[in-house]
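Each chain is listed here by its residues.
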Amino acid sequence: MTPSDVSTPVKSGLLARQLRKSSKGDGLDVGRLLEMVDQAYGELDLERRRSERANRLMASELEAAMAESALQSLRFKLALDNMQDGLAMYDGDGRLVVANRRFAEIYEIAIEDCRTGTPIADLLDLSAELRRRPKRSRDDLRREHLRGPWSTATVFEQEWNEGRRIRVSRNPIQGGGFLETVVDRTDSYKAERYILHLARHDPLTDLPNRIFMRERMEDLARDRRGDTRCAVLCLDLDRFKDVNDVLGHGVGDKLLIDVAGRLAKNVRESDLVVRLGGDEFAVIQHSAGSKRDVGILCDRLIAALSEPFHIDDQVIRIGSSIGVRFVSARDLDPDVTLNEADAALYAAKAAGRGTWKAFNAQMGRDLSRRRELEQDLRTAIDRDQFVMHYQPQIDTRTQRIYGFEALVRWNHPHRGLVAPDEFIPVCEETGLINRLGEVLLRKACTDAASWPDDITLAVNVSAVQFRFGNLPQIISAALSSANLAGSRLELEITEGVVVEKPRNVLRQLRAIKKLGVKISLDDFGNGYSSLSYVRNLPFDRVKIDRSFIKDLESQKECLAIVRAVAGMCGGLGIQCTAEGVENEEQLRILNSESFNSVQGFLFSPAVPADEVMTLISSGIGVQVRAA
Ligand code: C2E
Ligand code: MG
Ligand code: MG
């Protein structure tokens, strides 16, 4: 081998030095030279293997990296395609980079058509929604969707065909382009709408409710165009409560639905029918031309509701009363107007039901007086302003007073003695009767404890007092604190008590009877009663309503009813009492009809507690009989 053959090692320092030495004639150490050449080859070989290994390593790393990246993009694709929401990424020019399967589904575009590079507008044109739309609305949707700038974050919701709601959230991405998330909100939108509907409608009749009505009134009042006249009608069903109690809530509910239907059918489309709650409805008559027009509407509604209802094979007759507030739209105030219509309704009901009344200033005064009354009653209970008067009850056989009925009077600081009819209904409506009833019962029991042992006490109890279910305990406590035997007390309840939750009332009546207390059915014949109550409930006495006694001498029908009631009581083995006996002729008839006892102005009105003993010793029953 010549030195020139050894190209690379020649450059190596040692070999070069050896070659220079030989060329200077210093003598060439061939062995050493070969050794060095060999060494150079060795180094070269090592170097080559090293580089080969490095290459292999690099290649396998590259391969691994490529496999990893394929896995990553597979994962990315899987994640994209399994997203609940549609997703599309666009570049700075609005060309598609990537879209997922859900995106294609929502827009109803074949996934193959969601090609990278497709402009957003073309993609939109491919969507079934756009294809389905008529031209104008297609352009609108396009315009809305493509409205820039795309570099700012925006959210918009679109209403699509078949009630679909699509929400698009657009977010710019760093370095240009933007990402769109597309959500099909149809189901949640419907649920939201339903909840919103529920909040503003009555679930039973699906009529708008009070909230809806308030909004409508506020809208009308805000609308300053022209001076629209409106009428707000407050409508209340007569005798609905009786139907509900006697025939059950199921029938009551169906009746309310039918009532809603009839009301809706009898107003114009621009009018609003509302269910305020219970058996109370309202109507806003929009653009009510004149008071006469309102009157025509009221008459029509009253007539519509007085037609019989056919529910579950039963024929039900109810009626309605209406209070009207006729007002210019700009004066509509949800609270004030409705209150005034309510005051008019109150007047309509007081005028005998089945009629309508328009609000006037007097009604307003009555309403505020009623509010004051409520407040005064609260104070009156706290200040103990109630007194008991007692009306004697006469046994027709012995012709003697056998007991007294306790009748409350309000000893008003300015008005003097106020009769119960003026305040008991208000106490019942406000629930005050519960407190008052207990106070009165205790008072009466305490008074009666000082009377002779054979004289009984009758106390009136309202239906409301049965609602809490603790009346037996209240009575038992009143008896023991007054030290009065239960057998000396009689409770007077009206048919209204019985029809309300009969089972709850029956349970309490039985418990009350266990205390030795007697039960009498007051004002019999005056309500929506069912004779089966008299049979099924533990009454000891029936008190026929005084309206039948009033015309006893003049009206044959009254006599027939009185006779029938006496016969019924005789047959059932219970006592029968006539109240409101005012003259001798009435007494004569009642005696001949075998009434057990009587009560009325003929003998005595209710007297203060301190006059009871005088009445007992006067023997009034005997005197009248003798006269
Ligand atoms: P009621 O229980 O039917 O009482 C009989 C009513 O008839 C009493 O009226 C009595 O004064 C009146 N009256 C008695 N005899 C005659 C008569 O010969 N002719 C006429 N025209 N009326 C007569 P009052 O005291 O005004 O009571 C009215 C109603 O108020 C009572 O009717 C009763 O439902 C209720 N009430 C009275 N006191 C109480 C009470 O303490 N608690 C409850 N919950 N209600 C009471
Ligand atoms: Mg009574
Ligand atoms: Mg009565």
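Residues numbered from 1 in each chain as written. Chains lettered and ligands numbered in written order. Predicted model: local features only at pLDDT ≥ 70, side-chain atom pairs only at ≥ 80, totals over all residues. Heavy atoms only, no water.

(A) Geometry of the overall build of the protein chain. Scanning the protein chain from terminus to terminus reveals 25 helices and 22 strands. Here the C-alpha atoms of the protein chain give a radius of gyration of 48 Å, more than 25% beyond the 25 Å that 2.2 N^0.38 yields for 627 residues. C-alpha extents for the protein chain along the principal axes are approximately 180 × 60 × 50 Å. Looking at the 627 residues of the protein chain, the share that counts as buried comes to 43%. Within the protein chain, contacts between residues separated by at least 24 positions form 60% of all contacts whose residues are at least 6 apart in sequence. Carbon and sulfur atoms provide 51% of the accessible area of the protein chain, an area that totals close to 33100 Å². Both charge centroids of the protein chain, one from 88 positive and one from 94 negative side chains, sit 3 Å from each other. (Helix = DSSP H or I, 4+ residues; strand = E, 2+ residues; numbered from the N terminus. Rg over C-alpha atoms; globule rule 2.2 N^0.38 Å. Buried < 20%, exposed > 50% of the residue type's maximum accessible area, 1.4 Å probe, protein only. Contact = heavy atoms within 4.5 Å. Areas by Shrake-Rupley, 256 points an atom, 1.4 Å probe, with all protein chains shown as cover. Lys, Arg positive; Asp, Glu negative; His and termini not counted. Charge placed at Lys NZ, Arg CZ, Asp CG, Glu CD.)

(B) Molecular detail of the site of ligand 1. Neighbouring ligand 1 are 22 residues; Asn460, Asp522, Arg546, Glu582 and Phe601 lie closest to it. Contact distances for ligand 1 include 2.8 Å between an oxygen atom and a side-chain N or O atom of Asn460. Taking Asp522, its side chain carries an N or O atom lying 2.9 Å from an oxygen atom of ligand 1. Summarising the interface, the protein chains cover 86% of the accessible area of ligand 1, which totals 790 Å² for the free molecule. Residues that form the shell around ligand 1 fall into these classes: eight nonpolar, five polar and nine charged. (Near = heavy atom within 4 Å. Polar contact = N/O pair within 3.5 Å; in protein donor to acceptor, adjacent residues only side chain to side chain. Nonpolar A, V, L, I, M, F, W, Y, C, P; charged D, E, K, R; others polar.)

(C) Inspection of the coordination of the magnesium ion (ligand 2) at higher detail. The magnesium ion (ligand 2) binds to the protein through Glu405 (OE), Asn460 (OD1), Glu492 (OE) and Asp522 (OD); the donor distances cover 2.0 to 2.2 Å. When the donor residues of the magnesium ion (ligand 2) are listed from N- to C-terminus, their spacing reads E-x54-N-x31-E-x29-D. Here the magnesium ion (ligand 2) and the magnesium ion (ligand 3) are spaced 3.8 Å apart, with Asp522 acting as a shared donor. With Asn460 in strand 16 (residues 456-460) and Glu492 in strand 17 (residues 489-494), this residue pair connects regions lying 32 residues apart in the sequence. (Donors = N, O, S within 2.8 Å, 3.2 Å for Na, K, Ca; no water.)

(D) Expanded view of helix 3 (residues 30-81). Here helix 3 spans 75 Å end to end across 52 residues, near enough to the 76 Å set by a 1.5 Å rise per residue. For helix 3, the set of buried residues is Leu33, Met36, Val37, Ala40, Leu80 and Asp81. (Expected span 1.5 Å × (residues − 1).)

(E) Broad picture of the packing of aromatic side chains. Tallying each qualifying case throughout the model produces nine aromatic pairs. Geometrically, the ring pair formed by Phe386 and Phe423 is tilted, given 5.4 Å between the ring centres and 45 degrees between the ring planes. Residue Phe386 is found in strand 13 (residues 386-395), and its partner Phe423 is found in helix 15 (residues 420-430); the two are separated by 37 residues along the sequence. Taken as a pair, Phe386 and Phe423 share a single burial class, namely buried. Ring pairing ties together the aromatic residues Tyr90, Trp150 and Phe178, which thus form one cluster. If you follow Arg165 out to its NZ or CZ, it ends over the ring of Tyr189, 4.1 Å from the centre. A cation sits over an aromatic face here: Arg262 above Phe309, 3.5 Å from the ring centre. (Phe/Tyr/Trp six-rings, centres within 6.5 Å; stacked < 30°, edge-to-face > 60°. Lys NZ or Arg CZ within 6 Å of the ring centre and 35° of its normal.)

(F) Focus on the packing of helix 14 (residues 361-382) against helix 16 (residues 432-448). Running from N to C, helix 14 and helix 16 cross one another at 30 degrees; their axes reach a closest spacing of 11 Å. Considering their axes alone, helix 14 and helix 16 lie roughly parallel with respect to each other. Where helix 14 crosses over helix 16, the handedness of that crossing is left-handed. In this structure, helix 14 uses Glu374, Leu377, Arg378, Ile381 and Asp382 to contact helix 16, whose residues at the interface are Leu432, Arg435 and Leu436. (Axes fitted to C-alpha atoms, helices over the stretch in contact; angles between N-to-C directions. Parallel < 35°, antiparallel > 145°, perpendicular 65-115°, else oblique. Left-handed = near helix turned anticlockwise from the far one by under 90°.)

(G) Region of the structure containing the nonpolar core. Core analysis: the largest hydrophobic core is formed by 85 residues, its most contacted members being Phe386, Phe423 and Leu457. By size, the runner-up hydrophobic cluster in this structure holds 31 residues, among which are Phe240, Leu256, Val259 and Phe326. (Core = buried A, V, L, I, M, F, W, Y, C linked by side-chain atoms within 4.5 Å.)

(H) The arrangement of the sheet that holds strand 1 (residues 86-90) in detail. Taking strand neighbours across the sheet as the criterion, the five strands line up as 2-1-5-4-3 in an open arrangement whose pairing is antiparallel. Lying at the two open borders of the sheet, with one neighbouring strand each, are strand 2 (96-99) and strand 3 (154-159). Within the sheet, the average angular offset between the axes of one strand and its neighbour, ignoring direction, is 20 degrees. Where strand 4 (residues 165-172) lies against strand 5 (residues 178-184), seven bridges are found, and the strand directions are antiparallel. Bridge assignment links Asn171 to a residue of strand 5, and that residue is Leu179. (Pairing = 2+ DSSP bridges.)

(I) Just the pairing of strand 2, in detail. As judged from the three bridges shared by strand 1 and strand 2, these two strands associate in the antiparallel manner. Its bridge partner being in strand 2, Ala88 is matched across the sheet by Ala99. In this structure, the hairpin formed by strand 1 and strand 2 is closed by a connection of five residues, where Gly94 is found at a positive phi of approximately 75 degrees.

(J) Molecular detail of the pattern of salt bridges. Throughout the structure, instances matching the rule amount to 44 salt bridges. The salt bridge partner of Arg164 is Glu108, with a shortest N-O separation of 3.5 Å. Note that Arg164 is positioned in the loop between strand 3 and strand 4 and Glu108 in the loop between helix 4 (101-107) and helix 5 (120-126), a separation of 56 residues in sequence. The partly exposed category is assigned to Glu108, whose relative accessible area is 37%. For the salt bridge of Lys349 with Asp236, the shortest nitrogen-to-oxygen distance reads 3.4 Å. In this pair, Lys349 sits in helix 13 (residues 334-350) while Asp236 sits in strand 6 (residues 229-238), placing the two residues 113 residues apart along the sequence. Among the charged side chains, a salt-bridge network with shared partners connects Glu108, Glu129, Arg132, Arg133, Arg164 and Asp184. (Salt bridge = Lys/Arg side-chain N within 4 Å of Asp/Glu carboxyl O.)

(K) Just the pairing of strand 4, in detail. Relative to strand 4, strand 3 runs antiparallel, the two being bridged by six bridges. Counted as the bridge partner of Glu159 is Arg165 from strand 4. The loop that links strand 3 with its antiparallel partner strand 4 comprises five residues; one of these, Glu162, has a positive phi angle of about 55 degrees. In this antiparallel pair of consecutive strands, strand 4 and strand 5, the connection spans five residues, and Gly175 shows a positive phi of 85 degrees.

(L) Looking closely at the coordination of the magnesium ion (ligand 3). Ligation of the magnesium ion (ligand 3) by protein atoms is provided by Asp522 (OD), Asp523 (OD), Glu579 (OE) and Glu579 (OE), these donors lying 1.9 to 2.7 Å from the ion. One chain supplies every donor for the magnesium ion (ligand 3), spaced along it as D-D-x55-E.

(M) Here's a closer look at the state of the cysteines. Under the definition given, this model contains zero disulfides. A disulfide-free cysteine, Cys230 has its sulfur positioned 14 Å from the sulfur of Cys298, the nearest such atom. Exposure remark for Cys230: the relative accessible area of 0% places this residue in the buried category. With no disulfide of its own, Cys298 has Cys234 as its nearest cysteine by sulfur position, at a separation of 11 Å. Cys298 gets classed as buried once you look at its relative accessible area, which sits at 0%. (Disulfide = S-S within 2.5 Å.)

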